[in-house]
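# An overview of the molecular structure
Now for the letters of each chain:
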Amino acid sequence: MDNTPHAAQPARSAHPLYEDVLALLTAAGFVSLGIFLFHQVGLLTGGTAGLALLLQQVTGLSFGLLFFAMNLPFYALAWLRMGPRFTFNTFVSVAAVSFMTDHLNAVLQIGKIEPVYAALIGGTLIGMGLLIMFRHKSSLGGFNILALFIQDRFGIRAGKLQMGLDCTIVVASCFVVQPWILALSVVAAIICNLVLTLNHKPGRYQIA
């Protein structure tokens, strides 16, 4: 069975809507904390989140505003190819991550964090958050939607494709960050997507 729905077959969910929302809020907490750790030491990541972090450094605008706005064009593809439930869940995920990341400073202050630790733990947190989202028919929009769509159509694992896209974006940021930070960003992207590659495989989760 495909892991994501076709356009002609709207997504069925093994979970009622309230379970999806609670799980997605939990996932958003993981992702937002991972992004928060990245931001504290200047690390970057891939996908639309990586682009938002990069543009935040260049423009000074908030991550949440950039991330939310950049995902708007992808909802049309999500609606047409993956159905209204997936689109709604993804909107909830993106909105929650945008809000939580922008407001974490109000509840969490970190005096010091080693970049290596931020890369390892931040990458793992984001990967676990994405795994929960994928399990609940959701994503972080942008390249996540594209990766799930290609997995659905061609059987290419979303984690592998996402890894390639993420590493490309991180490497493209070489003119903005120091080589050491860039190297750690690549490590974090690999860790994040290894979590997906090892745990999110087509057909693993069946709906009876």
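Residues numbered from 1 in each chain as written. Predicted model: local features only at pLDDT ≥ 70, side-chain atom pairs only at ≥ 80, totals over all residues. Heavy atoms only, no water.

## Re the overall build of the protein
Our working rule: A run of H or I in DSSP becomes a helix once it reaches four residues, and a run of E becomes a strand once it reaches two; helices and strands are each numbered from the N terminus. Residue contacts follow a heavy-atom distance rule, with two residues in contact if any of their heavy atoms lie within 4.5 Å. Method for areas: the Shrake-Rupley scheme with a 1.4 Å probe, in which residue coverage is limited to the protein chains shown.
Of the regular secondary structure elements, the protein holds eight helices and zero strands. For the protein, the N- to C-terminal ordering of α and β elements is α-α-α-α-α-α-α-α. Nonlocal contacts in the protein, meaning residues at least 24 apart in sequence, comprise 76% of its contacts between residues at least 6 apart. Carbon and sulfur atoms make up 70% of the accessible area of the protein, which amounts to about 9,500 Å² in all.

## Some remarks on helix 6 (residues 143-154)
The periodicity of an α-helix, 3.6 residues per turn, causes residues three or four positions apart to be oriented the same way. Spelled out, the test is: Given a helix with a known number of residues, its expected span is that number minus one, times 1.5 Å. Only protein chains enter the calculation, and the probe is 1.4 Å; a residue is then buried if its accessible area is under 20% of its type maximum, exposed if over 50%, and partly exposed in between.
Taking 1.5 Å of rise per residue, twelve residues should cover 16 Å, and helix 6 covers 16 Å from first to last C-alpha, within 8% of that figure. For helix 6, the full list of buried residues reads Asn 144, Ile 145, Ala 147, Leu 148, Phe 149, Ile 150, Gln 151 and Asp 152. Phi turns positive one or two residues past the end of helix 6, at Gly 155, with a value near 75°.

## Notes on the environment of Ala 27
Position of Ala 27 relative to the elements: it lies in helix 1 (residues 17-41). On the accessibility criterion, Ala 27 (0% relative accessible area) is buried. Separated by 66 residues in the primary sequence, Ala 27 and Ser 93 place their C-alpha atoms 7.9 Å from one another.

## As for unusual backbone geometry
Look at Lys 137: it is not a glycine, yet its phi comes out positive at around 55°. Inspection of the secondary structure puts Lys 137 in the loop between helix 5 (115-135) and helix 6.

## Here we look at a nonpolar patch on the surface
Just so we agree on the cut-off: Within the patch definition used here, like charges are joined within 9 Å and nonpolar side chains (Val, Leu, Ile, Met, Phe, Trp, Tyr) within 5 Å, considering only residues with over 30% relative accessible area and no salt bridge. Each salt bridge in this description consists of a side-chain nitrogen of Lys or Arg and a carboxyl oxygen of Asp or Glu lying within 4 Å of one another.
Taken together, the side chains of Val 116, Tyr 117, Leu 120, Ile 121, Trp 180 and Val 187 make up a nonpolar region of the molecular surface, amounting to roughly 540 Å² of accessible area. Counting residues per element, the ones that place at least two in the nonpolar patch are helix 5 and helix 8 (179-199).

## Structural notes on empty space enclosed by the protein
The gaps of empty space that remain are located by a probe, the size of a water molecule, rolled over the atoms. Heads up, the condition is: Definitions used throughout: a 1 Å grid over protein atoms alone; a cavity as a set of points that fits a 1.4 Å probe which cannot get out; a pocket as an open set with protein on both sides within 12 Å along at least five of seven lines; a lining residue as one with an atom within 4 Å of a point. Grid points are joined across faces, edges and corners, and a volume is the space filled by probe spheres set on the points. Each residue receives one of three labels: charged for Asp, Glu, Lys and Arg, nonpolar for Ala, Val, Leu, Ile, Met, Phe, Trp, Tyr, Cys and Pro, and polar for the others, Gly being one of them.
The final tally for this structure, using the stated rule, is two cavities of 30 Å³ or more. If you add up the space inside the largest cavity, you get close to 120 Å³. Around the largest cavity, the lining comprises 16 residues; the ones closest to its centre are Gly 46, Ala 49, Leu 140, Asn 144 and Gln 162. Breaking the lining of the largest cavity down by element, the ones donating at least two residues are helix 2 (47-59), helix 5, helix 6 and helix 7 (158-172). Here the lining of the largest cavity is built from residues that sort into eight nonpolar, seven polar and one charged.

## Topic: the UniProt feature "transmembrane region" (unreviewed entry) in the protein
Applicable threshold: UniProt positions are given in the numbering used here, feature names are shortened, and annotations may be inferred rather than shown by experiment.
In this numbering, the UniProt entry assigns the feature "transmembrane region" (unreviewed entry) to residues 21-41, 61-79, 116-134 and 167-196. Across residues 61-79, the secondary structure splits into 79% helix and 0% strand, with the terminal C-alpha atoms separated by 28 Å. Spanning residues 167-196, this segment combines 80% helix with 0% strand, and its end C-alpha atoms are found 15 Å apart.

## Comments concerning the packing of aromatic side chains
The condition that has to hold: Put simply, two rings from Phe, Tyr or Trp (the six-membered ring, in Trp's case) pair if the centres are within 6.5 Å, and we call them stacked under 30 degrees between planes, edge-to-face over 60, tilted for the rest.
Inspection of every chain in the model, using the stated rule, returns three aromatic pairs. Here Phe 63 and Phe 67 contribute two aromatic rings whose centre-to-centre distance is 5.3 Å and whose plane-to-plane angle is 15°, an arrangement assigned as stacked. One end of the pair, Phe 63, and the other, Phe 67, are both in helix 3 (residues 63-71), four residues apart, so they sit about a helical turn from each other. As far as burial versus exposure is concerned, Phe 63 and Phe 67 are alike and both buried. Each member of the aromatic cluster is reached from another via a ring pair, and the members are Phe 68, Tyr 75 and Phe 91.

## Some words on the environment of Cys 167
Mapped onto the fold, Cys 167 is located in helix 7. Separated by 122 residues in sequence, Cys 167 and Thr 45 have C-alpha atoms that sit 7.9 Å apart. With near-sequence residues (within four places) excluded, Cys 167 lies in contact with Ala 189 and Ile 190.

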